[in-house]
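# Survey of secondary and tertiary structure
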Amino acid sequence: MVEEIQRDALKQTLVLHQYGSADSTPAKLSHPLPHLVAPQVIALCTVISLALVLAFNKVPALVALFPERDLYFSRYEGGSSIPLRLFIISFHIAFACFIDARWSVRARFALDLMFPFILFCATLDLCNVLARQFLGIEISLVAMGLASGLAGMLIFALVVLSCADMPARSDAPMRLRFKIGSLLTLAVAVVVSAAMSLWIDGHELPIVHELRDIALLGGVSVGVFLFIPLLFFLLNIGAAIQNTYRKTSSFSPDVTLVLPAHNEAHVIGSSIAALDNAAGGYRGSVTLIVVDNASTDRTPALAREAFAKTRSLRCLLIEESRPGKAFALNRGLDAVETEFFARLDADTLLESDTLARAFSHFGRKHVGAVGGMALPPGGGPFDGVREIEVLLKLGYDQVAFGAADCIFGIPGMFVCYDTEAVRRSGGFAHGINGEDTDMALRIGEDGYRLIVHPAVGFVSEVPRTYAHLREQRHRWFRSIYHVAARNRQLLDLSHFSVRGPVVLPFMLVNSARRAMAVPLLLFGCGFLIMDPDPRSMIRAVSVLALLLGAPALNAIIAILINLRFKALLAMPPYIGFRMLRAYLTLEAMLTMNYSMYAARAAREPSRKQLEPARVQAALQGDARRELRRA
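Computed from a predicted model, the values in this text were never measured in an experiment.

Cut-off values and rules
Residues numbered from 1 in each chain as written. Predicted model: local features only at pLDDT ≥ 70, side-chain atom pairs only at ≥ 80, totals over all residues. Heavy atoms only, no water. Helix = DSSP H or I, 4+ residues; strand = E, 2+ residues; numbered from the N terminus. Areas by Shrake-Rupley, 256 points an atom, 1.4 Å probe, with all protein chains shown as cover. Expected span 1.5 Å × (residues − 1). Bend = angle between axes of the 7 residues up to and from the residue. Buried < 20%, exposed > 50% of the residue type's maximum accessible area, 1.4 Å probe, protein only. Core = buried A, V, L, I, M, F, W, Y, C linked by side-chain atoms within 4.5 Å. Contact = heavy atoms within 4.5 Å. Axes fitted to C-alpha atoms, helices over the stretch in contact; angles between N-to-C directions. Parallel < 35°, antiparallel > 145°, perpendicular 65-115°, else oblique. Nonpolar A, V, L, I, M, F, W, Y, C, P; charged D, E, K, R; others polar. Polar contact = N/O pair within 3.5 Å; in protein donor to acceptor, adjacent residues only side chain to side chain.

## Observations regarding the overall build of the protein chain
Broken down by element type, the protein chain carries 22 helices and eight strands. Carbon and sulfur atoms make up 64% of the accessible area of the protein chain, which amounts to about 26300 Å² in all.

Encoded structure:
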């Protein structure tokens, strides 16, 4: 009953509150974006791509030079859905035309995008010629189109990562613990998923023939379409098996809660009351540190008033004058005296058993961070689709990554940490988006286990206006690039890690795929209407499949696995929300700065400069751990 009253109070306060943050647009890395920029990119991409399609189908010289009606330098077997290479070239040009930079920089950026992509495509086509000539192997146009599309997305993400203004590289301690087991688990899941996909695709079943006509953009085989859903499903089964022998104990250590608060007067009182209620159901002692982060309202006074009413909390209010959540978190971290602590937002409402469920995982060795399920409060315009998003990302995808010990990030609404693991990683990064993802990544690479358990439930704020949603998603979608730039050691492959060569590229490709989704949908519709190539396998239902795809299938599985069947009612708006999310991804990438484009290599510290700092941080962490044990 108490939790229901607190949840209703949280809903009421959020309706009247408009979120604002010093971390919304880090000044050195990003800028606010006018609303008309992304529509202009989409319009220009559509015009260029359809004009190229007409040219490659109507101009005799181009038809003779490129008989596949796309930018292919050799002939292939079979047909395709759409000229994907032409689309990617068009998207590269349109995106480069609207980055916030001089025209000379835009031109160079466009060349940096197109030249590697065209070179890669030419190399693939040369391999096709050699395979046919010397091995008698015929590669299908569908397979080559898929490879070209994935390569174009990865090249786009990597060029943005290398050319946009990004945080400086900051190497953290890395250890091999769990890495080999992680690789073997993932490898087995990939092999089994691939084998099952090939088996399904190879059987002449009526349903397979039907699915071939409606797979993503028509030309993708059923086996390819099902590979990702099968992989994540198998990894979730693996996670369930692991949980049967990784039993959590009744471990309830003394803990600290760090709550950064910037202008949270509207909610700070009810948040502290909710935390006091949660602490009352926890066996260990709980210390609450509220960090006033340069508030200009009555947040400190109201926090003190709420402290006086608590029964189960030891409360402390400290100040951090520098605006920014990471500054506040690090100030709180300095004051933490317990072996474990949790960070949480002021608008996060814990359930009565959240602390017990979360910190019990630290009873196992080498657990570094624990997260859970951030459910919406309900009643808002985006709460239904947000619930599906949470069930998919936290209740399904992250559980799958956890089976292979390669969780990439844990959202910072509520996360529990081993205090020493955070200090070994250098504390929370400031001046970037995604300090929570960065911390989880660094802790995982330092040889700790990361856990996201759906049973660790709590309620967190969901935007109630489009302006708030736009601000939030710009932060979230920029974060993958900021985190990847800060942890570049994962991409240079000098350290053995599944997250580096596998998960991080997957996340970057997924980001680029979302950025291209809306232009690709319009291009597919335009190509379908024009119908310039009679060999194309594109159908209206295959364009619709772009709106659905494998993620929609995974979303339904996630809802069923987590037994939240009412969430199925929000699936229709969730399909549209995915396109909105894709549009906001494109906007987020356009908010990045390119002022350091030419001088980045000269200013970036070398690995030799970074190595002493990394070693010193590791040694200091080891010394603190030995002192604590003594």
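## As for helix H17 (residues 466-486)
The end-to-end C-alpha distance of H17, which contains 21 residues, comes to 30 Å, matching closely the 30 Å that a straight helix rising 1.5 Å per residue would cover. The sharpest bend along H17 reaches about 35° and sits at Ser 479. Among the 21 residues in H17, 18 count as buried, and that is most of the element.

## A closer look at the nonpolar core
Counting 171 residues, the largest nonpolar core has Phe 95, Phe 109, Phe 414, Tyr 481 and Tyr 594 as the members making the most contacts within it. Here this core takes 13 residues from helix H18 (residues 499-530), the largest share from any one element. Among residues more than four places away in sequence, those in contact with Phe 414 are Ala 342, Arg 343, Leu 344, Thr 348, Leu 350, Thr 354, Leu 355, Ala 358, Gly 371, Val 456 and Phe 458. In this structure, Tyr 76, Leu 124, Leu 141 and Met 144 belong to the second largest nonpolar core, which totals five residues.

## Looking at the packing of helix H14 (residues 383-403) against helix H20 (residues 571-590)
Between two packed helices, what matters for the description is the angle formed by their axes and the separation of those axes. Closest axis-to-axis distance for the H14/H20 pair is 9 Å, and the angle between their directions is 75°. Between H14 and H20, the crossing angle belongs to the class labelled roughly perpendicular. Judged by residue contacts, Val 385, Ile 388, Glu 389, Leu 392 and Lys 393 of H14 engage Met 571, Pro 573, Tyr 574, Phe 577 and Arg 581 from H20. For the contact of H14 with H20, the residue count by class is seven nonpolar, no polar and three charged.

## Thoughts on the side chain of Ser 24
Here Ser 24 lies in the loop between helix H1 (2-16) and helix H2 (37-58). In terms of polar contacts, Ser 24 uses its side chain to reach the side chain of Glu 471, at 2.6 Å. Apart from the residues within four sequence positions on either side, Ser 24 is in contact with Asn 433, Glu 471, Arg 475 and Arg 478.

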